[in-house]
Amino acid sequence: MAVNYSVKEEADGHPSGGVGVPGGGAVKTRKPDNTAFKQQRLPAWQPILTAGTVLPAFFIIGLIFIPIGIGIFVTSNNIREYEIDYTGTEPSSPCNKCLNVSWDSTTPCTCTINFTLEHSFESNVFMYYGLSNFYQNHRRYVKSRDDSQLNGDNSSLLNPSKECEPYRINEDKPIAPCGAIANSMFNDTLELYRIDNDTRIPITLIKKGIAWWTDKNVKFRNPTGDGNNLTALFQGTTKPVNWPKPVYMLDSEPDNNGFINEDFIVWMRTAALPTFRKLYRLIERKNNLQPTLQAGKYSLDIAYNYPVHSFDGRKRMILSTISWMGGKNPFLGIAYITVGSICFFLGVVLLIIHHKYGNRNTSADIPN
Amino acid sequence: MADPIQWARYRWQRLISTEGGEGSSSSSSSNKCYQSSKTSGKHRIVIPCLGHFKEEYEKVSKLYMNNKIRTTKYTLLNFLPRNLFEQFHRVANLYFLFLVVLNWVPLVEAFQKEITMLPLIAVLTIIAVKDGLEDYSKYKMDKRINNLLTKVYSRKEKKYIDECWKNVNVGDFIRLSRNEIIPADMVLLYSSDPDGICYIETAGLDGETNLKQRQVVRGYSEQVSEIDPEKFSSRIECESPNNDLTRFRGFVEHSNKDRVGLSKENLLLRGCTVRNTEAVVGIVVYAGHETKAMLNNSGPHYKRSKLERKVNTDILWCVLLLILMCLTGAIGHGIWLSRYSEIPFFNIPEPDGKLISPTLAGFNMFWTMIILLQVLIPVSLYVSIEIVKLGQIYLIQNDIDFYHEKTDSTVQCRALNIAEDLGQIQYIFSDKTGTLTENKMVFRRCSIAGQEYCHEENAKRLESYQEVNSEDEDSADRQCGSSTHMSEWHGHNCSAVNEPLNRKSLHQLSGSYPAPGREDRAGDVPHSGHFAFSSPIETDVVPDTQLLEKFNQISSHSCQQSEEASSNLSLETMYITDFFLALAICNTVVVSVPNQPRKKMRLSSLGRTPIKSLEEIRQMFQRFSVWRLSSSPLPSVKESSSESPSSFVSKLSIFRMKLASPALDGAVQGAAEPLNTDSPENSPVPQELDIVNAAVGCEHNSAASSFELSPLPKLCYEAESPDEAALVHAARAYKCILQSRTPDQVTVDFAGLGSLTFQLLHILPFDSVRKRMSVVVRHPVSNSVVVYTKGADSVMMDLLRTASEGTNNSEMEQKKIKERTQKHLDDYARRGLRTLCVAKKVLSDAEYAEWLNHHFLAETSIDNREVLLLESAIRLETELTLLGATGIEDRLQEGVPDTIQALRKAGIKIWMLTGDKRETAVNIAYACKLLEPDDRIFTLKSQSRDACALVMSKILEGIQKNTSAKKKPSQKLGNVFASPSTQAPGFSAGLVIDGRTLEHVLHDSLQNIFLELTEKCRAVVCCRATPLQKSVLVRLVRNKLKAMTLAVGDGANDVSMIQVADTGVGISGQEGMQAVMASDFAISQFRHLRKLLLVHGHWCYTRLTNMVLYFFYKNVAYVNLLFWYQFFCGFSGTSMTDYWILILFNLLFTSVPPIIYGVLDKDVPAEILMQLPQLYMMSQKSVAYLPSTFWMTLLDAFYQSLVCFFVPYFTYYGSDIDIFSFGNPINTAALFIILFHLLIECKSVTWIHTVVIIGSILFYFVFTLAFGATFKTRNQPSNSYWIMEKHMTDPVFYLVCILTTCVALLPRYLLRVLQGTLFMSPVVRAKHLDRLTPEEQKEAIKRWKDDFIVNGRVEFQATSGSSTFCSS
């Protein structure tokens, strides 16, 4: 295309060679601008990583990480946690009889497990159910839901997304809530009793406030329509195959029923790892004088409905207090301490290196 | 729109016509052929769309393309489909497309369908926008050009009317005025110039700024009035459109069947500019895309760089890795499924309720995984590489150091994608003339009739230039090698003149010469402006005193008419006269006057100027010719030839002594006075042209300032080659001034004798086969036909009249002269001068007529014209009489020796390939430090292949003996890695090869031994190499040694070599633009190569390498996060990050920083790279991108991804974390790791880096926050609603991110620290230098340089595995 360009130049009246036109002061030169950017002379920070220059960084990291790690570790250690496996695979377990329950068994199988808390739980206690070897993160499982339906969209209610297949339509009626996640919702009922001199004192389990506020108030909505009668609103839909009751009968309280049932919301937040726990209930501390759960004997009544034996799953009940950093987990604290120590150690090593070899850099001497 | 159709139709027509006319077009010389060739595809017939041709015109000319051009690839309508079609030719895009299609298969679908299309769409859009913009600018340019106006003859209005270029058709008559651009290729039919000449400037075509002459078709030039298109009744037949700019064949057939040949001299090419000619009329023969200019437009070319090739292999590794990972996923999924006796309910059955077998599920999973892990193949890498290269090239082009003030040119990167190859060059093949040298020819010395004139004064003048130059450069310590060399030689040869010569007296000497009458244009020209080939260095020649004296006698003799004195000079004078006449005439120089741009010099009337009557001149010349013809014994010649130089010189010095005394000086002036009396108005203009010239030459000399300079007429010579200009200027210094040149005559103002006008009969132009050119003129005095020939001595010497049977004196004389001249020629060559022989031949009218007959036949033939013309020329150029020889110096370009030294220190081998003779080449090689004085030079010069092989093995043996002897001491020092290569300290060899020997050497059987030999040589000089041999050599080294080659040259003869080399560099010098057009990079000076390679090459290479490695790292590290997660989700292909964020992570959040890094990173500052060429070896040996580096990078990526995944994993293990809350810290930590990794790798962080990195982080957070706040019901897949918001208030999130980032980056950081402390690479050491004060730096660099020889080389040799030929 060179011809074209030079033709243009000629047409502009700038003879390219400048031949034959003496002077011609205003001829544009092709001289590049002498700017720092174009000449690649931008002021730059040119870090040279040598033992000497990075020494402080290592020490500082070490000095910061170790205290943080100790703090986390202590916090984690202060957390009280108690866990009961009630799967019932062992013949001795009270729940062994329920091991082979199935989704469609009509009569609930109940079992009771007694346990003893060695230490009292001082602050609010969170009651979890835990499942193991349950792949809630399976790709197709994760997808099998309709968020629009769950958000109360009326059209999605009656015509759920294709992603819900094969849990989309049952007996020519759309399933609400559709999808595999909802269908496989955890349906054991756990009740906790404190055994005080052979009397079973039921412990108040609060079932509200266990889901994320945004989930409960924004993401999950019941379908809207005339009146507040959920039964009417869910007219034309059917319950998920595995559920014993339709979605509008999950709870008696209207603000915890239907799609905004918190147990349901918690279940719908699919766990990241095959071993997980989900918040089941809260046990609030009543007053400042008594611990929430004092040390002593307790019993757990389980309505055993959820079959996990088929895939070697385990079911657990966990009682835990939490700190600012969540549940009990020593890993983070230990990791911080370890990394801090390593950095500190490296700092020392680098200091030695710096003393032995560092001088030649500052004087830019050439090694031997 | 209509264009493609028209084009197709045209093609079809051509196809048909070629088939039809195949048989008949073979015999085109006969008249019959004309009829048949009408249909022939090889020729085209052009007829005007006028009068009686109308019908035929419709039939023929309408088939030709019109002048509308369309260089765009696309139109608005076909842009989308065509661009997409072209883009899908790339494998990378096909891969993307494959993924998109794959995702539409429900069984393996991993992402939402739209999401997978996102990267593809992004890549396609970016490229499409780029293509579109490029095309749009082309479109605008086309439109502008198509709508330019020109005057086309309109039949309706019977006059020339304004018409757009696009409406011009073949057969149209076009009238152009001065300075207008030629719209299409047309045959010149009329020129306002009475001689029928039109001057064009071809700068638009080939960049050459000198004027070219074009001639009106013979037969039309005689017409006084402008040609009337209505009356034009001839047809033009010419060859079909082709891209050969230097050829045009055809003829005009008049209505009476007379034919006139057409050549390129008659063709005005599109894109050129009419100069100096008031008006021209031509008929269009080729238009639009069929013009030679358009056919020559091949546009930019694409090469694949070495780095890119390597990247491609590494991408294949990535593909392998991907397949491996997907296989793992597939098998894992199968095993996971088969673990369950019955299918668990979290594994959803198919919509139809059935469950698939683990094997099939595994198979499906393989494809799902490919979609999921697709990012592993860094397809965005290609786009990024392209963007980075554009940025790098932008920076190279903007480097102010490449700007050359004089030519207002800077570096041009014509190939956009091989900038990083500049950092890996191992061999440089350089042309000599115009590349190493300035190609500014300076007349240095001459030999006439066997007598040498060494032009001592001129040499001094040149030295003074040198001094000025070197002062300017403030490198006063370095004097140009050639000039010192030269002066030594002078001292040796012309010892008597060697005594210190007062510059003033010299000026007086030259100034005291009588001024020839040149009153007509005196005083109207300022000596300003610079023109092609006419810097003062070249134009001002100080005449040799001795020669000048002799020359002067010619005029005085003719003045005095003293028979005695004239016989005394006789033959020698005649030789001198003829010699200078030949210099002035035998060329194609165009004369113009500078202040009237391109206004041709023309002596309006001959009668006004001559001082002496024509009769006198005739007498004089007749006398000369009588002497020659009678070949009488000439004592004077004998005397002069037998005289030793010293006696000549002593004479000269006496003469000078005389001059030095003022009285005598005045007397000489007085003697000269009479000459001027005829022109009284001239007398105020005191001395002469040459005074001024000399004074200009010594402007900085205080002695010169004493002269009163007066404005003098300055003719401007524009020559096709600088040699010609130099010779004309030399002749001019001796008052043999070329005044004007028209196609028919040449006027020479001859030393006071007045103007002689030669009738110019023929010019046999220079070609590389004959290696000479000739002019045939009719001598105005003797009225005989004289052939003046000048050419290379090798061919000329064989063409001379040989002393055969008649051993008369004249021929003996000739033989002596020949021998003597040959001696001088050899001497010149030894000094690196370019030599030319000048000869003449007198033809009798009968001889001439006979030759003319043949020549005319040759001229008019179409098909075999070149060959016939060549034969014709050869027939004429025989039996020549040697007049003399010239030595022209081609000065080294500024900074060449420095550059060559630096490049050699950088480990680059430099070969010089030149067409010059051996002595010249070797001399230049010494001057530019290519060869060192203590090098051992081996010369390969053998007649047969076997001998050549023998010589080579002998040399090899010798070298090996030498190196082994030198190696011993170094081994004693424990230097285990002592290199077997040439650069073993203390011994170095140079190899010089002759062109003829080169032929043997390049034969298959000798190639290997030859390469082995060259490997051991420090420098290789190939002389007398043809362009083909040059390219074969380059290809040989490139293919056999697998080395990166760079070819640099400036002329058309270097084009093939430039094209063959990995990197072609063109020097936009004096010889036009052909080399530049073929090159990848164009620079204006050889010395720019130093910065181009050492700095930009190094930078581009390291930058791109690091960026590529970083890209691999980035993708592998990021994708592996997903991979690790598969182990915890049953290999089901779940991603723990939202798909949108996953895709955008590469596309948006981490794409800009690497690009900035690739464009701007600066590991070592430019100054240090320039001072320490050794650093170049780092990139040359690919130290930054060894296979191990690639795998180390991948290993690091694996480690970092492991850390990045498992720290959050253990932190959240067993908790109630959900998928996306788990993915969010991982993803965020990955962002920090990837960006901070870049910071660790960055060698220099500017504010741009800072802005981009901080911007990326902010953008990520803003995006994820906004993303988390909206889309609460985005159905697919389960969304990441409010997760980032929640995490922002969670301290554990921050703790995890910080810990992960630190742990992941620790090893690399530590590695870099240790590298910076314990195992410093030269680059790191160079970086340290930058921290020092200037003095310390100087000291350290000096120390390093010494140190490097011992230390560094060993290091590099150890790391390099590239040398194929080790000592055997």
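Here the structure is a predicted model, which is why all the values come from computation and not from measurement.

S.K.: How do you make sense of the interface of chain A and chain B when you look at a structure like this?
M.R.: It is common to give the size of an interface as the accessible area that goes away when the parts come together. Counting residues at the interface gives 110 residues for chain A and 131 residues for chain B. Summed over both partners, the interface of chain A with chain B buries about 10700 Å², with 63% contributed by carbon and sulfur atoms. The interface formed by chain A and chain B includes one salt bridge. Across the pair Asp 1218 of chain B and Arg 269 of chain A runs a salt bridge, and its minimum N-O distance is 2.9 Å. In this structure, the connection of chain A to chain B is made through 20 residue pairs in polar contact (both at pLDDT 80 or more). At the level of secondary structure, the elements contributing two or more residues to the side of chain A that touches chain B comprise α1 (2-11), α2 (51-78), α3 (139-143), α4 (147-150), α7 (213-219), β8 (276-283) and α10 (330-362) of chain A. Per-element accounting of the side of chain A that touches chain B gives the leading share, 14 residues, to α10 of chain A. Here the side of chain A that touches chain B is built from residues that sort into 58 nonpolar, 28 polar and 24 charged.

S.K.: Just to check I follow, could you spell out the domain arrangement of chain A for this structure?
M.R.: Domain annotation for chain A reports domain 1 (53-79 + 331-354) and domain 2 (81-322). Its C-alpha centre places domain 1 of chain A at a distance of 41 Å from the equivalent point of domain 2 of chain A.

S.K.: Would you take a moment to explain the confidence of the model for chain B for this structure?
M.R.: A low pLDDT means the predicted coordinates there should not be read in detail. All names here are of chain B. With 73% of its residues at a pLDDT of 70 or more, chain B shows a mean pLDDT of 74. Across residues 559-568, confidence stays below pLDDT 50; counting only partners more than four residues off in sequence or on other chains, it has 13 contacts. Low pLDDT (under 50) marks residues 624-712, which in the prediction has 115 contacts with non-local residues, meaning those over four places away or in another chain. The ipTM assigned to the predicted complex is 0.91, against a pTM of 0.76.

S.K.: Whenever I open this one, the sheet that holds β8 of chain A confuses me. Can you help?
M.R.: Two modes of strand pairing occur in sheets, parallel and antiparallel, and in both the strands are linked by backbone hydrogen bonds. Residue and element names in this part refer to chain A. A sheet is described by the order of its strands in space; here four strands give the open sequence β1-β10-β3-β8, paired in antiparallel fashion. Only two strands of the sheet have a single neighbouring strand rather than two, namely β1 (81-85) and β8. The mean angle between the axes of side-by-side strands here comes to 20 degrees, regardless of whether they run parallel or antiparallel. Where strand β3 (residues 125-132) meets strand β10 (residues 314-321), eight bridges bridge the pair, whose relative direction is antiparallel. Of the residues in β10, the one forming a bridge with Tyr 128 is Ile 318.

About the criteria used
Residues numbered from 1 in each chain as written. Chains lettered and ligands numbered in written order. Predicted model: local features only at pLDDT ≥ 70, side-chain atom pairs only at ≥ 80, totals over all residues. Heavy atoms only, no water. Contact = heavy atoms within 4.5 Å. Buried area = accessible area lost by both parts, 1.4 Å probe. Salt bridge = Lys/Arg side-chain N within 4 Å of Asp/Glu carboxyl O. Polar contact = N/O pair within 3.5 Å; in protein donor to acceptor, adjacent residues only side chain to side chain. Helix = DSSP H or I, 4+ residues; strand = E, 2+ residues; numbered from the N terminus. Nonpolar A, V, L, I, M, F, W, Y, C, P; charged D, E, K, R; others polar. Domains from an automatic or database assignment. pLDDT = per-residue confidence, 0-100. Pairing = 2+ DSSP bridges. Axes fitted to C-alpha atoms, helices over the stretch in contact; angles between N-to-C directions.

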